[in-house]
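An overview of the molecular structure
One letter stands for each residue in the lines below.
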Amino acid sequence: MSRPWKPLLGVVVALGVTSAFWWTIARSGEGPRVLTGYVEGERIYLAAPSAGLVAEIYVEEGARVAAGAATFLIDPRERRAQVSGAEAALSAAEARARDARKGQRAEELSIIDARLAAAEATLRQAEVEFGRIEPLVRQGIYAPARLDQVRATRDAARAEVAAVRRQREVATLGQREDAVRAADEDAAQRRGSLAESAVRLTTLSPPAPVDARVEEIFFRPGEYAAANQPVMALLADGDVRIRFYVPQAEMAAYRPGVTVRFSCDGCGPARTARITWVSPRPEFTPPILYGRGSRDRLVYQVEARPADPRSLNPGLPVDVEPLAVP
């Protein structure tokens, strides 16, 4: 009696051996397992708060710039004119404040001195006349009304001298206290306007906030840049990081502060990076990172800061060596 299932069994075994063979070949071509990721970077956009023509560009794309170094300059002529105007206004306000504390001019005081001298001369004459008339009235030569007349003239002369002397004293004083205070406040306001204009002038050439690499320059000298429109973009060393994905079964080994090793094309020997952030929630492997063994697998996103990020460009793929699971 024949056994018809034996040929079928042979076919199945052959197919299984063939599948295992090709699966082994495919697995052997994948090489050692690594965690796939890429370089990520946050740009710093430099802009001026005032619109104007770009006068100078002090850096080049791809070059490094030190913290505090000049990057570009917006045409400063308008702002310089405003600073000059503010300086002139401040000088005028300070002069008014000083003048408010001064008395009248020497020429004006000389006029008052002349009036005082005339009043004193009139007083001397009135006193002499009073001294001459008084004994004659007592002797009955003149009527008492004559004495009253010269007495009134003498008293009027005394009052005139006192009034002119007081006017002379007031003329040496400054303006009223309220007027002096108003002049001081006006000078202070002008001083603040000058400081504001000077600060605005410095914002036309913003310095590099940190050590960075010039990623892109959007405007060239002679082009018009609107207010607050980025003129260039910098990539700060501290803002470069690598982002990779770890299977959920291996997450116990990845914590902030742990150091990992990674490599990338054209980066030379393997580098190190310190983990700074681990996602608290899992996600499915991003489609761009799909591989034969990673489809539909939950992973956690991890970020690490490279020890030397200066030559790493955002978007560059990296391979991270897996850590041993405790």
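Here we summarise the structure given alongside this text. (Residues numbered from 1 in each chain as written. Predicted model: local features only at pLDDT ≥ 70, side-chain atom pairs only at ≥ 80, totals over all residues. Heavy atoms only, no water.)

Re the overall build of the protein
Cut-off, in case you're wondering: Per the convention used, a helix needs a DSSP run of H or I reaching at least four residues, while a strand needs a run of E reaching at least two, with both numbered from the N terminus. Remark: exposure states derive from per-residue accessible area (1.4 Å probe, protein chains only) relative to the maximum for the residue type, with buried under 20%, exposed over 50%, and partly exposed in between. Contact criterion: two residues are considered in contact whenever any of their non-hydrogen atoms come within 4.5 Å of each other. Where accessible areas are quoted, they stem from the Shrake-Rupley method and a 1.4 Å probe; at the residue level, only the protein chains shown are allowed to cover.
Helix and strand counts for the protein come out as 5 helices and 12 strands. For the protein, buried positions account for 30% of its 326 residues. Once local pairs closer than 6 in sequence are excluded, the contacts in the protein between residues at least 24 apart make up 77%. Summing over all exposed atoms, the protein offers an accessible surface of approximately 20000 Å²; the carbon and sulfur share of this is 55%.

Regarding the pattern of salt bridges
For clarity, the cut-off: Whenever a carboxyl oxygen of Asp or Glu lies within 4 Å of a side-chain nitrogen of Lys or Arg, that contact is scored as a salt bridge.
Evaluation of the coordinates by the stated rule reveals 23 salt bridges. For the salt bridge of Asp178 with Arg181, the shortest nitrogen-to-oxygen distance reads 3.0 Å. One end of the pair is Asp178 and the other is Arg181, both in helix 5 (residues 177-202) and 3 residues apart, which spans about a single turn. For the salt bridge of Arg243 with Glu303, the shortest nitrogen-to-oxygen distance reads 2.6 Å. In this pair, Arg243 sits in strand 7 (residues 232-247) while Glu303 sits in strand 11 (residues 298-306), placing the two residues 60 residues apart along the sequence. Here Arg243 and Glu303 have matching classes, each one buried. Shared partners join several salt bridges into a network, and the residues in it are Glu42, Arg241, Arg243 and Glu303.

A short note on helix 2 (residues 77-101)
Rule in force here: Expected span of a helix, by definition, is 1.5 Å for each gap between consecutive residues, and there is one gap fewer than residues.
Taking 1.5 Å as the rise per residue, helix 2 with 25 residues should run 36 Å; its terminal C-alpha atoms sit 37 Å apart, in good agreement. If you check which residues of helix 2 are buried, you get Arg79, Val83, Ala86, Leu90, Ala93, Ala97 and Ala100. Against the buried residues of helix 2 lie helix 5.

A word on unusual backbone geometry
Not every positive phi belongs to a glycine, and Asn228 is a case in point at roughly 65°. Its place among the elements puts Asn228 in the loop between strand 6 (224-225) and strand 7.

Concerning the nonpolar core
As a reminder of what qualifies: Among the buried residues, those of types Ala, Val, Leu, Ile, Met, Phe, Trp, Tyr and Cys that are joined through side-chain atoms within 4.5 Å form a nonpolar core.
In this structure, Ile242, Phe244, Tyr254, Val260 and Val320 are the most contacted members of the largest nonpolar core, which totals 23 residues. Every element with two or more residues in this core is listed here: strand 1 (35-46), strand 7, strand 8 (259-263), strand 9 (271-278), strand 11 and strand 12 (317-320). With 5 residues, strand 7 is the single largest residue contributor to this core. Setting aside its immediate chain neighbours within four residues, Val320 contacts Val34, Leu35, Ile242, Phe244, Val260, Arg261 and Phe262.

Brief notes about helix 4 (residues 144-171)
With 28 residues, helix 4 extends 41 Å between its outermost C-alpha atoms, agreeing within 8% with the 40 Å of an ideal straight helix rising 1.5 Å per residue. Looking at the buried side of helix 4, the elements it contacts are helix 3 (106-138).

Section: the sheet that holds strand 2 (residues 52-57)
Rules: Between any two strands, pairing holds if DSSP finds at least two bridges.
Spatial strand order, 4-2-6: 3 strands in an open sheet with antiparallel pairing. Since the sheet does not close on itself, it has two edges, and those belong to strand 4 (72-74) and strand 6, each with one partner. With 3 bridges joining them, strand 2 and strand 4 adopt antiparallel strand pairing. By the bridge assignment, Val54 is partnered in strand 4 with Ile74.

Some details on the environment of Asp211
Its place among the elements puts Asp211 in the loop between helix 5 and strand 5 (212-217). Spatially, the C-alpha atom of Asp211 lies 6.5 Å from that of Asp237, the residues being 26 residues apart in sequence. Leaving out residues up to four positions away in the same chain, Asp211 has contacts with Arg64, Val65, Ala66, Ala67, Ala236 and Asp237.

Describing the pairing of strand 1
In this sheet, strand 12 lies alongside strand 1 in antiparallel orientation, the contact comprising 4 bridges. Paired with Tyr38 across the strands is Pro317, a residue of strand 12. Pairing of strand 1 with strand 7, which is carried by 9 bridges, proceeds in the antiparallel orientation. Bridge pairing in strand 7 places Tyr38 opposite Arg243.

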